[in-house]
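Given next are the chains, with one letter for each unit.
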Amino acid sequence: MSKKMNRRKFLRVSAASAGTLALAACAPQAAAPTTAPAATEPPAVTEATAAPAATAAPVAATSSCQMDWNPTFPQPFKVYDPPLEVAVIWPPGMTFPEGMSWNNNPMYNRTVEYTGIKFTIHWEASGDLLEQKLAADLAAGTLPDVFYAAGLFLEQLIDNNAIEDIKSIWETTASPLTKEKKMYPDYKWWKPVRRGDKLYGIPYTWGPAYNVDNLCFVRQDWLDKLGLQPPETVEQWGEVARAFRDAGLCQFGINACKRLVTWYQSLDPIFGAFGVMPGFWVKAEGGTLKYDSLSPAVKDALAVIRQWYEEGLLDPDFYTYGEGDAAGHIAASKVGLFTAPWWHGGMQVKLEQENPGMKLAPIPYPKGPQGKQGRKASSEVGPSVVFRKGLDPLKIEACINNLNWHIEMHVNWQKYQQYGEWRNSHAFVEGLEWVWGENCELKDGPLAMPKTYEWMNTIDFGFPYVVYPTYQADPFRDILEWSKQDPSKLNKAQRFLLNNPIVLREADYYSKVFDTLDTQIVNEYFGNPTDAMKQYLPDLSSLESEVFTNIVIGNEPLDRFDSFVEEWKAKGGEDVTRDVNAWYKATFGG
Amino acid sequence: MTELIRTSPSVLLAEKTARATTTRRPPFRVILKQHWMLYAMLLPALILLALFHFYPIWGVLIAFKDYSPVKGILDSPWVGLDNFRRFFESQNAWPIIRNTLFIAIGKIFFVQLAALVFALMLNEVRIRIFKRAIQTATTLPHFLSWVIIGGIMVQILSTTGVVNRVIGLLGIAPIRFLGRPDIFPWTLIFSEVWKEFGFAAVIYLAALTAINPELYEAAAVDGAGRFGRLFHITLPGIRPTIVLMACLSLGSVLNAGFEQVLVLYNPVVYRTGDIIDTFVFRVGLVGQGGMPDYGLGAAVGLLKSGIGFFLILLSYWLADRFANYRIF
Amino acid sequence: MAGKASLSDRIVDAILYTILLILALACVAPFIHVAALSLSNQAAVAARQVGLWPVGMHFQNYLFIMADRLFINSFGISLLRVVVGVSLGLLVTVITAYPLSRDHLYMPGRTIFKLLMLFGMMFSGGLIPYFLALRDLGLLNTFWVLIIPLALNIFNVILVINFFRGIPQELWEAAVLDGASHLQVLFQVFIPISKPVLATITLFSSVMHWNSWFDGVIFLKEAVQWPLQSYLYSKVTTRMLQWQTAVSAEVAGQTFQEATPEGLATAMILIATIPILIVYPLLQRYFVTGLTLGSIKE
């Protein structure tokens, strides 16, 4: 009895996914209920013919609604038959709807279909456990087929011949579009994987403003209430914060956390306004790099922050909070000025819904006394995807073709995904991510997008990260374009996305980040730690944050900064600077 | 009273462990006949020790190597004592060792003391429901990991937190428990005491149950008061357990509690809050790509084990020599 | 006797009970706070409005964790692990402790054995050689990797040795003179009167097995093989990681609709603690009820 119930439920789900499958495969088969069970079996992958045909949709539902867009996928670059198995690391704890599993879901099936790869579970882990498992795997000689590595680990893998040189396969297999978008071979993120004539991996290409470039925000509702203009200078930040606090609108005014310069609730705008960025290596005269924490302007920035702390414009306990804890002060209306990356837009929509009256607005980075502005730039050089020694070259080729396919779909999305490929390539499955609502418009389906996100991430082992620098900026720009058009000129999928206030807000913020790349202060050092760094940097970094924070909270006088500079140099800082400059010269010539 | 104690089984617990009072061997014939079984009983433990403790022990070699997981332990180059040298030559080595010892010993002492006092207090409670409820309640914090409780603790101890509000009632100005280098180590010690005393008391409670109730009745007849019973029956009864716990905890004098420090400390208190483990952790952070400094970690680990092992043996010897206790 | 407590006794009692009550409250309050956090909505948690009672109560964090077959699966594995692991552990512990507690028997090599145990307790070769050892023994990716390596806990052995030493010598002698073998003495004479110490190590060992997560994650390949704590740990850290490194708008925007990383973490802690709260009172009576040695003595 209950078995029957389950079966019925199961059929309902699988019918939906079968519909997608048919869509994905663009198979011209008749859409009959008999195709439903196909969802439970590995899909027929031999059909490499991806003839564009959008007529398979009616299977999806009894609904009379029609799709007014025409989703297809790029032609496969090459389909491997039988499919090649590639063992990768999976994030743990993936969950799937009934009737689906890790190797039977729309994303997995699409990958098999279009790229001829079956990604299998080598093991499941994430975070620092992942590194420990990799280290154990290395010792036991049981590495995954494909994984990612960075920094010293990558360097040692290369030095010890533990990963494949993919140079010739890459040269012949990577499409011209892939090479162009990933800025092969000269951009700086290729440096860690290139050794002379050899190429040891495919770098993540995060682009110039990944997800941790901050924006500044203000409580617009409070500004309106007090009839104030948005602050434009550091001085005005103090004035606005003071006004907010004195009017009893908030407890403190400006948000901060235990790391002064960080990815969230950061004070990097204040340092930037004085033209410096603590913790960064920046260009100095004579083609050298210098450590910016030592620049005299840091003292000026510290003086401002110290003054604010003394006045009570910062939380008296700010130095005990992590980034996330400090973010709670926004919801609690303890602060009116703060920084956050573009993705905070989604949370702001929620905050405004949950706190009637609250209105948050982005403001430009504040200017300093000399009119400077400066934002802490996200790092552009990250990990690289590498292939274990002894892996079948055919599998390496297949992975690169997989990448080609993704990049083709992303860049030329108008040709394939008319619903607006604004996020990473997700399946946009009817019945899962969206369903038909009133007036034949789309509405949210039972399966929220994070699920698809997770699948995609798993199935392509992070390949979506490996796309290209503007892969987030481009779709966000498109969305902003649509939002200015007459909605009736858009298709239903586009309207569905525009109906989501989070999407619009995030698109707006991201384009603001991208439009102000000229205010970025970039950390020029992305090499591996040298011997001097290993010996001295742990002590020097803690000395720096200890001194700076103690200056801010008044435990130390402001002039402690001067002795800090001397101390930093004397305690090994000179050696570190010498190493960094040697690296800089070797890497960028001189 | 004294006679009572001498003949009481619970006191035999103390006496029989002392070498001096080991008396009267059973006939030699009995030992010989049953000897093989004693050895056979040790066999499972011997096998487990060999397989899971001694077979992988060669990993300590990492402490003397410039270890790279890519090269493997045996093929990584020898560097002699370089990893140890790197630790001791770090600018902060001595402050870090001092902090570690202070915090760790403070924790050992106050946790065990609180657990003991708590167990003795609970022992005085005669309402069984109350006793059980209190005991269960005080065990709870043990199950909350520092990662979870850390954020809450930071709030509780902030200048506007619960603790400061309570002492504010007494007219004391707010104290920066987490923002004053001189106070921070004590904050660590007492938050650890709060978290662990209930669970640590379990061993003492178990030991207390082994005391013969007849002794208390006899003492009551003798007219001994509450404190008389405490000092003449209860404490001597659990003395071996106290010595045992003190001795074993010496093995961890260099473990000041990595997770706790990590979630509670901040740049303001680096000077007094930085311990060996957070130092090793920070050194690992310098290596991009998340690769920890295995060599340094192993060297420090070996140092900690060695010192702990030595101290346990020393305390064993001292207890045996001067107090006539055999601990294990 | 209870009726005629003196005034000073009553005052001492009153002070005692008050102190104990305050201690218990200080221990329970944060726990209740964590429970309230796991049931409160995101905004209230972020705004620190949650005290001892949930604000905007919802069960999404719990539903999120429970609505998943892997959760049930891993719960079962954890229970099995505790039952098998603790039983084997107890057996190994008492068998090992017995010969080591018979100090008066001449047994060459015993001191060396104890030193080896202590050495094994204090020194470790680190993760990688351990991993290789488990591989060589064929334990990797099997359930037994959670059981066998942990069967010998030296700390527990030491506790039991000490308890066995405290058992009156006459009892042992009487049994031996009656012709009982060592195993018979252990199981028929010692074990029945060692309940407090056995309850103690059962508690320690259960908590240890129940809370271990690292071995599951590292030595078992797939999440379907993992015990509860491994599964929850990786689930929560994966989500936290996604959120903290802000890899995606979807994660940042959408997880907050339903379950929050902090909410999940708190819910996880509570779910993971409940079984211990059930088992603990069962073992507790051995700590609370005094042992009557008189009956043994006869």
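Residues numbered from 1 in each chain as written. Chains lettered and ligands numbered in written order. Predicted model: local features only at pLDDT ≥ 70, side-chain atom pairs only at ≥ 80, totals over all residues. Heavy atoms only, no water.

### Considerations on the overall build of chain B
- Assigned secondary structure in chain B consists of 15 helices and zero strands.
- A sequence separation of at least 24 residues applies to 65% of the contacts in chain B between residues at least 6 apart.
- When the accessible surface of chain B is split by element, carbon and sulfur atoms take 68% of a total near 14,300 Å². (Helix = DSSP H or I, 4+ residues; strand = E, 2+ residues; numbered from the N terminus. Contact = heavy atoms within 4.5 Å. Areas by Shrake-Rupley, 256 points an atom, 1.4 Å probe, with all protein chains shown as cover.)

### Here's the deal with the state of the cysteines
Residue and element names in this part refer to chain A.
- In total, this model carries one disulfide over all chains according to the counting rule given.
- Each sulfur of the disulfide joining Cys65 and Cys440 lies 2.0 Å from the other. The disulfide joining Cys65 to Cys440 has a torsion of about -85° about its S-S bond and is therefore left-handed. Within this pair, whereas Cys65 is found in the loop between helix 1 (2–25) and strand 1 (84–90), its partner Cys440 is found in the loop between strand 15 (434–436) and strand 16 (442–444), the two being separated by 375 residues in sequence.
- Overall, the relative accessible area of 14% leaves Cys65 in the buried class. (Disulfide = S-S within 2.5 Å. Buried < 20%, exposed > 50% of the residue type's maximum accessible area, 1.4 Å probe, protein only.)

### Things to note about helix 10 (residues 195–211) of chain C
- Across its 17 residues, helix 10 of chain C extends 24 Å between first and last C-alpha, which sits within 8% of the 24 Å expected from 1.5 Å per residue.
- Across the 17 residues that make up helix 10 of chain C, a large majority, 14, are buried. (Expected span 1.5 Å × (residues − 1).)

### Some remarks on unusual backbone geometry
- In this model, Asp81 of chain A is joined to Pro82 of chain A through a cis peptide bond whose omega is 0°.
- Structurally, the position occupied by Pro82 of chain A is in the loop between helix 1 and strand 1.
- Cis geometry marks the peptide bond from Tyr184 of chain A to Pro185 of chain A; its omega dihedral reads 0°.
- A positive phi angle, near 55°, is found at Cys440 of chain A, a position not held by glycine.
- Positive phi is not limited to glycine here, since Asn141 of chain C has a value of about 60°.
- Inspection of the secondary structure puts Asn141 of chain C in the loop between helix 6 (127–136) and helix 7 (154–166).

### Thoughts on the side chain of Ser542 of chain A
- By secondary structure assignment, the location of Ser542 of chain A is in helix 19 (residues 531–552).
- For Ser542 of chain A, a relative accessible area of 5% corresponds to the buried category.
- Beyond its immediate sequence surroundings of up to four residues, Ser542 of chain A is in contact with Asn92, Tyr270 and Arg282 of chain B.

### So, the sheet that holds strand 6 (residues 202–205) of chain A
Residues and elements named next belong to chain A.
- Read from one edge of the open sheet, three strands run 3-14-6, paired in antiparallel fashion. The outermost strands of the open sheet, each flanked by one partner alone, are strand 3 (146–149) and strand 6. When the angles between neighbouring strand axes are averaged without regard to direction, this sheet yields 30°.
- Sheet topology note: the strand 3/strand 14 (residues 381–387) ladder contains four bridges and is antiparallel. Bridging from a neighbouring strand, Ala149 pairs with Ser384 of strand 14.
- Seen against the sheet, helix 4 (residues 151–159) touches strand 3 and strand 14 and runs at an angle of roughly 125° to strand 3. (Pairing = 2+ DSSP bridges. Axes fitted to C-alpha atoms, helices over the stretch in contact; angles between N-to-C directions.)

### A closer look at the sheet that holds strand 12 (residues 360–363) of chain A
Residues and elements named next belong to chain A.
- On the basis of which strands lie adjacent, the open sheet formed by four strands has the order 8-11-7-12 and mixed pairing. Edge positions in the sheet fall to strand 8 (253–254) and strand 12, since each has one partner strand and no second.
- The sheet contact formed by strand 7 (residues 214–219) and strand 12 spans four bridges and is antiparallel. Counted as the bridge partner of Phe217 is Pro362 from strand 12.
- The strands touched by helix 12 (residues 344–354) are strand 7, strand 11 (335–341) and strand 12; relative to strand 11, the strand with the most contacts, the crossing angle is about 145°.

### Observations regarding the interface of chain C and chain B
- In this assembly, 101 residues from chain C lie in contact with 89 residues from chain B.
- In total, chain C and chain B occlude about 9,100 Å² of area from one another, counting both sides; carbon and sulfur atoms represent 77% of this.
- Here Asp9 of chain C and Arg226 of chain B are joined by a salt bridge, their closest N and O atoms 3.4 Å apart.
- Our count for the contact surface shared by chain C and chain B stands at nine residue pairs in polar contact (both at pLDDT 80 or more). (Buried area = accessible area lost by both parts, 1.4 Å probe. Salt bridge = Lys/Arg side-chain N within 4 Å of Asp/Glu carboxyl O. Polar contact = N/O pair within 3.5 Å; in protein donor to acceptor, adjacent residues only side chain to side chain.)

### Some points on the nonpolar core
- Ranked by internal contacts, the top residues of the largest apolar core, which has 289 residues, are Trp170 of chain A together with Phe164 of chain C.
- When near neighbours in sequence (up to four residues on either side) are disregarded, Trp170 of chain A contacts Thr178, Lys179, Lys182, Tyr184, Trp190, Leu199, Ile202, Ile400 and Leu403 of chain A.
- Judged by nonpolar contacts, the second largest core, of 42 residues, contains Trp69, Ile330, Trp413 and Phe428 of chain A. (Core = buried A, V, L, I, M, F, W, Y, C linked by side-chain atoms within 4.5 Å.)

### Remarks on the environment of Gln75 of chain A
- Along the chain, Gln75 of chain A falls in the loop between helix 1 and strand 1.
- A sequence separation of 330 residues divides Gln75 of chain A from Trp405 of chain A, and the C-alpha atoms of the two residues are 7.8 Å apart.

### Section: the interface of chain A and chain B
- With 37 residues of chain A in contact, the opposing surface of chain B contributes 33 residues.
- Roughly 3,100 Å² is buried in total at the junction of chain A and chain B, and carbon and sulfur atoms are behind 55% of that figure.
- It is Tyr319, Gln535 and Asp539 of chain A in chain A that bury the most area against chain B; as a group they hold 17% of the surface buried on that side.
- Inspection of the region where chain A meets chain B yields zero salt bridges.
- One can count 10 residue pairs in polar contact (both at pLDDT 80 or more) joining chain A with chain B.
- When residues of the side of chain A that touches chain B are traced back to their parent elements, those giving at least two are helix 3 (127–140), helix 4 and helix 19 of chain A.
- When residues in the side of chain A that touches chain B are grouped by element, the largest group, 12 residues, is from helix 19 of chain A.
- Looking at the side of chain A that touches chain B, its residues break down into 19 nonpolar, 11 polar and seven charged. (Nonpolar A, V, L, I, M, F, W, Y, C, P; charged D, E, K, R; others polar.)

### Some words on the confidence of the model for chain C
Residues and elements named next belong to chain C.
- In this model, chain C carries an average pLDDT of 80, and 83% of its residues clear a pLDDT of 70 or more.
- Per-residue pLDDT stays below 50 along residues 241–258; that stretch engages in 50 contacts with residues further than four places along the chain or on separate chains.
- Scored below 50 in pLDDT, residues 290–298 makes 15 contacts in the model with residues more than four places away or belonging to other chains.
- Reported confidence for the predicted complex is 0.83 by ipTM and 0.83 by pTM. (pLDDT = per-residue confidence, 0-100.)

### A look at the packing of aromatic side chains
- Counted by the stated rule, this structure contains 63 aromatic pairs over all chains.
- For the ring pair Phe309 of chain B and Phe123 of chain C, a centre distance of 5.6 Å and an interplane angle of 70° mean the geometry is edge-to-face. Of the two residues, Phe309 of chain B sits in helix 15 (residues 294–322) while Phe123 of chain C sits in the loop between helix 5 (110–122) and helix 6, which places them in two different chains.
- Following the ring pairs from residue to residue traces out a cluster consisting of Tyr525, Phe526, Trp583, Tyr584 and Phe588 of chain A.
- The ring of Trp78 of chain B carries the charged tip of Lys65 of chain B above its face, separated from the ring centre by 4.5 Å.
- Stacked on the ring of Tyr270 of chain B, the Lys or Arg Arg282 of chain B has its end atom at 5.9 Å from the ring centre. (Phe/Tyr/Trp six-rings, centres within 6.5 Å; stacked < 30°, edge-to-face > 60°. Lys NZ or Arg CZ within 6 Å of the ring centre and 35° of its normal.)

### Structural notes on the pattern of salt bridges
Residues and elements named next belong to chain A.
- In this structure the tally under the stated criterion is 40 salt bridges over all chains.
- We note a salt bridge from Asp508 to Lys512, for which the minimum N-O separation is 3.0 Å. Residue Asp508 and its partner Lys512 are located together in helix 18 (residues 501–515), separated by four residues, close to a single helical turn.
- Owing to a relative accessible area of 33%, Lys512 belongs among the partly exposed residues under this scheme.

### Some points on the environment of Val552 of chain A
All names here are of chain A.
- Following the sequence through the fold, Val552 ends up in helix 19.
- Spatially, the C-alpha atoms of Val552 and Leu302 are 6.5 Å apart, while their sequence positions differ by 250 residues.
- When residues no more than four places from it in sequence are discounted, the contact partners of Val552 are Leu302, Ile305, Arg306, Tyr309, Leu314 and Phe318.

### Observations regarding the packing of helix 5 (residues 93–124) of chain B against helix 1 (residues 7–39) of chain C
- Two elements in contact, helix 5 of chain B and helix 1 of chain C, have axes separated by 10 Å at closest approach and are oriented at 125°. In terms of orientation, helix 5 of chain B lies oblique with respect to helix 1 of chain C. Crossing of helix 5 of chain B over helix 1 of chain C shows left-handed handedness. Residue-level inspection shows Phe118, Met121, Leu122 and Glu124 of chain B of helix 5 of chain B in contact with helix 1 of chain C, the latter providing Leu16, Ile19, Leu20 and Leu23 of chain C. (Parallel < 35°, antiparallel > 145°, perpendicular 65-115°, else oblique. Left-handed = near helix turned anticlockwise from the far one by under 90°.)

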